[in-house]
Amino acid sequence: MTPERKIPERRSRKARRTRDTLAQAAFELVLDRGLRNVTVEEIAEAADVDRRTFSRYFTSKEAAALDSLRGDGDRINAALRARPAPEPPLLAYRRAVLDWLADPGAEPWHRRPRIFDLLVVAEEEPTLYAVFHHIRVDAQEDSVAIVADRLGVDPRQDIRPAVTVAAGAGALLAAQAAWVRGGRPDALPALVAEAFDALSADLLGEPRSAPERHGAPDQYRDAPGKDRDAPEQHRDTTSTTGKAEGTEAIS
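Below, the structure is looked at part by part. In this text the structure is predicted, and so the values were computed from the model without any measurement.

1. Focus: unusual backbone geometry
Positioned with a positive phi, E107 is a non-glycine residue whose angle comes to about 50°. Looking at the element boundaries, E107 is found in the loop between α6 (89-102) and α7 (115-124). Here the phi dihedral of R114 falls at roughly 75°; this positive angle occurs in a residue that is not glycine. Considering the arrangement of structural elements, one finds R114 in the loop between α6 and α7. Relative accessible area serves as the criterion here: at 32%, R114 is assigned to the partly exposed category.

2. Points about α6
The terminal C-alpha atoms of α6, which comprises 14 residues, lie 20 Å apart, in line with the 20 Å expected from a rise of 1.5 Å per residue. Burial analysis of α6 places 10 of its 14 residues in the buried class, which makes it a mostly covered element. Where α6 is concerned, the buried positions are P89, L90, L91, A92, Y93, R94, A96, V97, W100 and L101. Buried residues in α6 make contact with α5 (67-82), α8 (126-151), α9 (160-182) and α10 (188-197).

3. Overview of the nonpolar core
Counting 59 residues, the largest nonpolar core has V97 and W109 as the members making the most contacts within it. A total of eight residues in this core trace back to one element, the largest contributor, which is helix α1 (residues 3-33).

4. What about the packing of aromatic side chains?
Applying the stated criterion across every chain yields a total of seven aromatic pairs. Ring centres of Y93 and F196 lie 6.4 Å apart, and the angle between their planes is 40°; on these two criteria the pair is classed as tilted. With Y93 in helix α6 and F196 in helix α10, this residue pair connects regions lying 103 residues apart in the sequence. Judged by its relative accessible area of 0%, F196 is buried. Taking the centre distance of 6.5 Å and the plane angle of 15° together, the rings of W109 and W179 count as stacked. Linking W109 in the loop between α6 and α7 with W179 in helix α9, this pair joins segments that are 70 residues apart in sequence. The class of W179 is buried, set by a relative accessible area of 0%. Members of the aromatic cluster, joined through ring pairs, are W100, W109, F116, Y129, F132 and W179.

Here is what the cut-offs are and how they apply
- Residues numbered from 1 in each chain as written.
- Predicted model: local features only at pLDDT ≥ 70, side-chain atom pairs only at ≥ 80, totals over all residues.
- Heavy atoms only, no water.
- Helix = DSSP H or I, 4+ residues; strand = E, 2+ residues; numbered from the N terminus.
- Buried < 20%, exposed > 50% of the residue type's maximum accessible area, 1.4 Å probe, protein only.
- Expected span 1.5 Å × (residues − 1).
- Contact = heavy atoms within 4.5 Å.
- Core = buried A, V, L, I, M, F, W, Y, C linked by side-chain atoms within 4.5 Å.
- Phe/Tyr/Trp six-rings, centres within 6.5 Å; stacked < 30°, edge-to-face > 60°.

Here it is, written out as structure tokens:
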């Protein structure tokens, strides 16, 4: 390695250490004293840098406090890229999230000290929650690109990748909200599995012949000798299993 390459690499490592130090200081101060009782200047002082240095890395104390969560979206997306190509996209997303939760080396939320406490605070502080939302959106944009690549489609023309990620990320968000409100730090994996289960046949099994349930036309409600294609007949094909035709439980 040439000296010219070593200098940028040293600078990069130093910048990463400075960012991590600031993020850790913000994380600890916010949890110890509360978001509203912490200033950017105090975070910079705790990290032994000045305010200007803080501003080079973060736009706000909220962004600094939540910086440790940004890498989790990258870990989930790495697991999503590694899923077998034949897996249906939503199943692949579910298993990527569960792979992340089961990997001690990835330090998922329920294994990482005080992340539970941080997310509890985020639920209570609107400005903190707004930054958390932006972190999730950034990760989801990458997830959409990964799913689109798996399907071999252009996500600007095909809505399926965005729908897949919105559903999967929504299940994860619902599980996270139930987790922090339930007060059981070890319950996250079970809640994530439960949330994804809710995306299976239990919710997707609604018959398409909804008009019959909500005041169907007379020819379907009263006519004798109904045609085989009438909605009631379609409903019978799905009711024996409790699943909509073509819908698999996401497990």
